[in-house]
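Chain and residue survey
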Amino acid sequence: MSAAPASRSVLSRLWPVLLLLPLVLPRAIDNGYYVGLLNRILVYAILVASLDLVVGYIGDVSIGHAGLFAIGAYTVAVLTASPNLNTESSIAHFYQLPFGVALVPAVLLTAFAGFLLGFPALRSSGPYLAVITIVYGLIIYTFINEQEAITNGTKGITLESLKLGTMSLRGIRYFYVVYPVLVAVMFLVHNVTHSFWGRAFEAIKYSAVAAECCGISRAYFKVAAFVLSAALAGLAGGFFAQLDSYVAPNTFAYNFSVEFLIALIFGGVRSVAGNIIGVALIVTLPDLFSRFNDYRLMVYGTLLLLVLYFMPEGVVGIIRKVWRRFRPLDHSAERAQLERQSEGINVLAGLNEGAGGPEALQLKGVEMRFGGLVAVRDLTMDIRRGAVRGLIGPNGSGKSTTVNVLTGLYTPTAGKLLSFGEDLGPLRTFQRARRGIARTFQNLQLFADLSVLENVMVGLHPSFKSSLLEVALRLPRARAEERAARVRAYALLKFVGLEQAAFERARNLAYGQARLLEIARALALSPRLLLLDEPAAGLTAGEIGAINSLIQRMKAAGLSILLIEHHMDMVMAISDEVTVLDFGKKIAEGRPAVVQSDPVVVEAYLGKHPTSAAVPA
Amino acid sequence: MQTLQLLISGIAQGMIYALVAFGYNITFSTSKTLNFSLGNFLMLGGVVGFVLYMTRGYPFAAALAAVIVVGAIGGAILLKVGIEPSLRQRNAYGWILATLAVGIILRNGAEVFWSTDDFKFRSPLGDSPLRLFGHHEADGSVSGGLGVYPQELLIIAVSLAIVGVVETFKKVTVFGKAVQAVSEDKDTASLMGIDQKFVILFSFMLSTAIACVAGVLVAPITLVSATMGTVLGVKAYSASIIGGLESGYGAVVGGLFLGISESLTARFISTGYKDVPGFVVLILLLLFKPSGLFGRAAIRKV
Amino acid sequence: MNRRAVWTAALLLAVPAMADIKIGVYGPYTGGSAGMGVSMRNGVDLAAEEINAAGGILGQKVVLVKRDDEAKNERGAQIMQEFIDKEHVAGVLGPINTGVADNSTRYANEGKVPVVINASAGAKVNEYFAQGGDNYIFRIAAADPLQTELTVREAIDVRKYKKPAVLCDDTNYGQGGRAKLETALTKRGIKPVYVGKFKIKDTDMTAQVQEAKAAGADVLLVWGIGPELAAVANSLDRVGWKVDMIGGWTLSMSAFINNAGKNGNGATSPLTFIEGDISGAKQKKFVDDYHKRFNEKPIAVAVAAAQGYDSIYLLKQAIEQAKSTEGAKVKAALENLDKPFVGVTGTYSKPFSATNHEAVTADQMKMGVVKDGSVVLSAKK
């Protein structure tokens, strides 16, 4: 999604082909081997698509999906096995349920396992989480291997071939069973990942902090991703059990997880077509390479390294590059449409409405202590509705800390926070964002590989009301919301003057443009209170002017603003009132002119007036 | 007595995990990548050592030196061919695939160019276990009591020595401080005049050389084969994580914990589940202290 | 199904003098069990070369289609499908691992292609009769029920031990062996005083042998693969416990003998082939040719090599008797061999029937014992 901003993915162009495939196939292939390969590819593709949700979208490397796969496969096996094919087994009880019925608990149980995995995933990241997933997979493997009374341990479970009535569903007929499932899964995954859900996942990956400040609950979406991924893995596992009608624990070992991770990265992450291509390659490569006999794996490993050198975005990345050479990305049609539809949208409309008290913000005796360091001490500060308050002070005086406390990233060690009369204390970051508190960041927190337009759309997250089901099925309400969001995001970009770059990746923006993007994203929340943390830092004079006029317009629309800045002329010109911090304490407060000439303030910035100043020549 | 016996074998096994975990930590702290092929480097060391010492009959010291050199060169190749291209392209997963691929190549290479079988590596200190606290027979021999392989004592001693030397080196020498600087913030270190590329190269070469030495150390008490490194490599991840990926001594603690818990669980609970307590502790630990026992939580300024 | 048979028949009729006879050989040639796989394949290779030098089968050259299953069950299934539907082999030899066999042999039954299992002792063979349909799976290796029975017989009936400890690996093979060992013991009214297991790649079985010793065991019955069994032997030495080790044929692997060193002396197992006890020109030629051809002395896994060698000769004899490579005919020939099959693992008269596909019986088996680095015939009777 993010690699091809605002364009249709490879897969969405191929829909007609995919739907016609099952009609063509039986005529083309009447060979048990190729059908077997095909069925294998289909089942594995579902697993790799599930892995992509976690690895490609949330950005957490999982090398334990074989375990989730195993839960799905074994649940089906345990529930459908019959004693006559498993003589001399240690299994205590044979349930002998039909396959279709057994799939339901398989998916649910695996989803629950994914839910459990979500908790460590919230606390750890990167290689730590990767190792947790390895260990998780190993625990599941150990359990299956040891619990003979349930799983028959290492001897495995043999299943009756799948039948519909008396008709056997093996070979090409199994293809007809699995293929619609794969298509359905791809459809659902594609829809979810190309919606505000997918953007939420990726936002968390690029900057969890910024995502929370856009109203996205990191905990909810991360765990949801693991649950969805696990459910799909369990579904794949269920169908796997009937691929060869036999399951044994040694299939689901660590190496299996590694192979699928390789398939995913090889094919290309965040692409359903890539998932299928990656799987097709690892299923057929051992056979293609059998001429190399025992050298086979060395050749395979070398191939992987070459892929990394030349195709960092996987096979799908190469396909896209080649495709672009013939049909370069042309956004003009979409741009024209967005221009048209966004005409007349006033992004600043209605920002000052809403109930609540006359105070947009009230801090009462707020203290923020980190161990022995007191970053903010006994801070009391108000912002009237519709006012702009400047917050200044030397570096390290606690300004950014104050903003972090306001947005909920830190919990104050003492004091109260209120906004429009509501106590912010019990509210988490994403909840505060949904209440209309938006912010920009001193150190840019953009979603680097999403497009500029998509970055703003993340800010529109709270405006989406569709349920996951509506999104997955691409029902009309979901589609309409998505379209409306695109239009509004474009309008926001026009407001800050960034619309030309709408389809660029955020990471390619110039510094000044990046700062504007943060403002547009913050405005997308339709905030009532806007916290700007050094929005003009590092900008040229012209760029500062642009920011200035933006702030003027926002103020004129009635937005309450907290402005942290070092550019004195800017702060003094626009603020109604200014608060000065030094070493975490408020040392002065009042109208700009008053504060500017306050000797305490001058001293804090410039130091004590030298008594005997020998100025060097 | 029995428990003591189990502790000894657990500690020896644990020190091997610790060495490999130490290897993981070294490259992680400087390059922020986890070398998934490190277990295969352990195998490389074992195989090269076996070929030189057992098959060709060179003296052990020479074989060991050659193993260190081979390991270091291997690490340099891994870095240049696998890791650097992916880091250059800012590919988030590239290095995972690269290290996995190198691991596959190493393993298959050993199978093709050396052998698919398992071989015995004679310990330079002798293969018979020392008997401690046994009772002395009439003919002067000792029976019963604890059986300790001299190689196990060598493993413990050498592993601690390696970790100790490297950690001290990091604190005491200027280059060591450069390594620490690059671990903290490689861009700033680079601005301070530290050649961060060289530091990372050095860390890779050191890490793989250590893994190769670990292979030679462990070979006499296990078996040399093309697949000897796979399981060890995976277990060592756990050791790394328990101790904290950036901590040298943490690797030792993690390794020891894993080795001992395996040994005791196998005996007193169940051999099938012997890995499980280690795993469970790991997950619990990471729920409460995500950066490991000795890791430092990174505080990012927003 | 029908279409395939029609096509096969048509092909066979249309091209009467086809160039080659393809025979599939699958097993683990890389990865953990590769030692056994490679020895088995070498045995087949050696035999195939001899056969081709002597004019092939039915005047046609034998072409081996070799595939590495990496000891993975799914690879086994995929390879079997490739053998049957893509390569159209006349027969299949292998594999080594039980799980691989059990996951793939069903396709051979469906595709009516005979499989001669030459190593996997735990794979389903006669069990297929009970499931209905045709059974195309044969075995010329000592099956687990036979091996376990002989093992227990040696320990209990011959050596008169009363308190056996059972120690096996945690794979399909090891656990299958354990179950059958327990069955054989129960038949004699004995319950093991200790039943334990270890994992593949484990190198320290101190815990297990300590427990066995503490339970008062007087003999150790083991089921596993060479390297781990050697670790068991070494662990016995470490805790200073001198006890007889008796177990499956894998105690004859070089990987056991070399690594256990003197600790392996005395380990006894029932074998179809003992390199240190060869008699007759045929066996001598096999061993000498193997040493020369593969530069390996002694043979790494002699039992697998010998059985591999025999399995292709057996298939050859059946194809020649059937005068055809058509699966059903070869199967019928195997089930009713006119002439005895003379292999390096023994002489087999009517080894198979329509209800039994196990060639190896107790008569063919000898007890081998490890002595100073090689396997010799056991003196105890």
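See the structure above.
None of these values were measured; they are calculated from a predicted model.

Thresholds, definitions, all that
- Residues numbered from 1 in each chain as written.
- Chains lettered and ligands numbered in written order.
- Predicted model: local features only at pLDDT ≥ 70, side-chain atom pairs only at ≥ 80, totals over all residues.
- Heavy atoms only, no water.
- Patch = residues over 30% accessible without salt bridge, like charges linked within 9 Å, V, L, I, M, F, W, Y side chains within 5 Å.
- Areas by Shrake-Rupley, 256 points an atom, 1.4 Å probe, with all protein chains shown as cover.
- Salt bridge = Lys/Arg side-chain N within 4 Å of Asp/Glu carboxyl O.
- Helix = DSSP H or I, 4+ residues; strand = E, 2+ residues; numbered from the N terminus.
- Buried < 20%, exposed > 50% of the residue type's maximum accessible area, 1.4 Å probe, protein only.
- Phe/Tyr/Trp six-rings, centres within 6.5 Å; stacked < 30°, edge-to-face > 60°.
- Pairing = 2+ DSSP bridges.
- Contact = heavy atoms within 4.5 Å.
- Axes fitted to C-alpha atoms, helices over the stretch in contact; angles between N-to-C directions.
- Buried area = accessible area lost by both parts, 1.4 Å probe.
- Polar contact = N/O pair within 3.5 Å; in protein donor to acceptor, adjacent residues only side chain to side chain.
- Nonpolar A, V, L, I, M, F, W, Y, C, P; charged D, E, K, R; others polar.

Residue and element names in this part refer to chain B. On the surface, M1, L4, L130, L132, F133 and L153 cluster together into a nonpolar patch covering about 580 Å² of accessible area. One can find L153 in helix α5 (residues 150–172). Here L153 falls in the partly exposed class, since its relative accessible area comes to 45%.

Take the packing of aromatic side chains next. For the coordinates displayed, the defined rule picks out 45 aromatic pairs over all chains. On the basis of an interplanar angle of 75° and a centroid distance of 5.9 Å, the ring pair of F240(A) and F252(A) is categorised as edge-to-face. Residue F240(A) is located in helix α10 (residues 218–241), and its partner F252(A) is located in the loop between β4 (246–247) and α11 (254–267); the two are separated by twelve residues in the primary sequence. Their ring planes at 55° and their centres at 5.3 Å tell us that W114(B) and F119(B) sit as a pair that is tilted. F119(B) sits in the partly exposed class, given a relative accessible area of 23%. A network of ring pairs unites the aromatic residues Y44(A), F69(A), Y74(A), F240(A), F252(A), F256(A) and F260(A) as a single cluster.

Bringing the sheet that holds strand β9 (residues 422–423) of chain A into the picture now. The pairing of strands in a sheet happens through backbone hydrogen bonds and is either parallel or antiparallel. Residue and element names in this part refer to chain A. Spatial strand order, β6-β5-β8-β9: four strands in an open sheet with antiparallel pairing. Of all the strands in the sheet, the pair left with one neighbour each is β6 (373–384) and β9. Of the strands in this sheet, β5 (359–370), β6 and β8 (414–419) touch helix α16 (residues 399–407), which is tilted by about 110° from β5.

Chain B puts 48 residues into the contact, and the matching count from chain A is 52 residues. Summed over both sides, the interface of chain B with chain A buries roughly 4,400 Å², with 73% coming from carbon and sulfur. Along the contact surface separating chain B from chain A lie zero salt bridges. The interface formed by chain B and chain A includes six residue pairs in polar contact (both at pLDDT 80 or more). Looking at the side of chain B that touches chain A, the elements with two or more residues in it are α3 (60–88), α4 (94–113), α9 (230–243) and α11 (276–288) of chain B. It is α4(B) that provides the largest number of residues to the side of chain B that touches chain A, a total of 14 residues. The class makeup of the residues in the side of chain B that touches chain A is 30 nonpolar, eleven polar and seven charged.

With that settled, the discussion passes to the interface of chain C and chain A. With 36 residues of chain C at the interface, the matching set in chain A holds 37 residues. Roughly 3,000 Å² is buried in total at the junction of chain C and chain A, and carbon and sulfur atoms are behind 36% of that figure. Interface area lost by chain C to chain A is led by E74(C), Q78(C) and R106(C), which between them contribute 20%. In this structure, E259(A) and K72(C) form a salt bridge, with 2.6 Å as the shortest nitrogen-oxygen distance. In this structure, the connection of chain C to chain A is made through 20 residue pairs in polar contact (both at pLDDT 80 or more).

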